[in-house]
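Results of the structural survey
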Amino acid sequence: MSEQKSTPESVAAAEQAVEQARTDVAETLDALAARFDVKARATERAHATADAAKEQAHHLADRVTTERGRPEPWLIAAALGVVLGVVGVMVLRRRR
């Protein structure tokens, strides 16, 4: 059998390959750990949901207010109609 002599370049290449493999394994383990961290994933999803809800609330507020920040007249009329309807139903039930 003939022995192969290792050259400094091949040793350096092997060390670099080993280091790259270690980095890949570490990244894979981090990804797996993040995937199985249920509490962190739930917290992240809760924050995302809260952010989406805040965005929707701001969008809705923009739709129902005037440029001066006051409620739109149709919204006031609709709210008044709902209140009058509820009061009317209560009065009719009380009379029976």
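For the structure itself, look to the data block above.
All of these numbers come straight from a predicted model, not from anything done at the bench.

Time to look at the overall build of the protein. Within the protein, the regular secondary structure consists of 3 helices and 0 strands. Principal-axis analysis of the C-alpha atoms places the extent of the protein at approximately 110 × 40 × 15 Å. For the protein, with 96 residues in total, the buried portion stands at 1%.

Now for the pattern of salt bridges. Throughout the structure, instances matching the rule amount to 1 salt bridge. Ionic pairing is found between Glu19 and Arg22, a salt bridge with its closest N-O pair at 3.8 Å. Residue Glu19 and its partner Arg22 are both found in helix α1 (residues 8–36); the two are separated by 3 residues, about one turn of the helix. On the basis of relative accessibility, which here comes to 56%, the residue Arg22 falls in the exposed class.

Together, Val25, Leu29, Leu32 and Phe36 line one region of the surface with nonpolar side chains, adding up to about 420 Å² of accessible area. By secondary structure assignment, the location of Val25 is in helix α1. Relative accessible area serves as the criterion here: at 48%, Val25 is assigned to the partly exposed category.

Checked against the element boundaries, Thr43 lands in helix α2 (residues 38–64). For the pair formed by Thr43 and Leu29, sequence separation is 14 residues and the distance between their alpha carbons is 21 Å.

Thresholds, definitions, all that
Residues numbered from 1 in each chain as written. Predicted model: local features only at pLDDT ≥ 70, side-chain atom pairs only at ≥ 80, totals over all residues. Heavy atoms only, no water. Helix = DSSP H or I, 4+ residues; strand = E, 2+ residues; numbered from the N terminus. Buried < 20%, exposed > 50% of the residue type's maximum accessible area, 1.4 Å probe, protein only. Salt bridge = Lys/Arg side-chain N within 4 Å of Asp/Glu carboxyl O. Patch = residues over 30% accessible without salt bridge, like charges linked within 9 Å, V, L, I, M, F, W, Y side chains within 5 Å. Areas by Shrake-Rupley, 256 points an atom, 1.4 Å probe, with all protein chains shown as cover.

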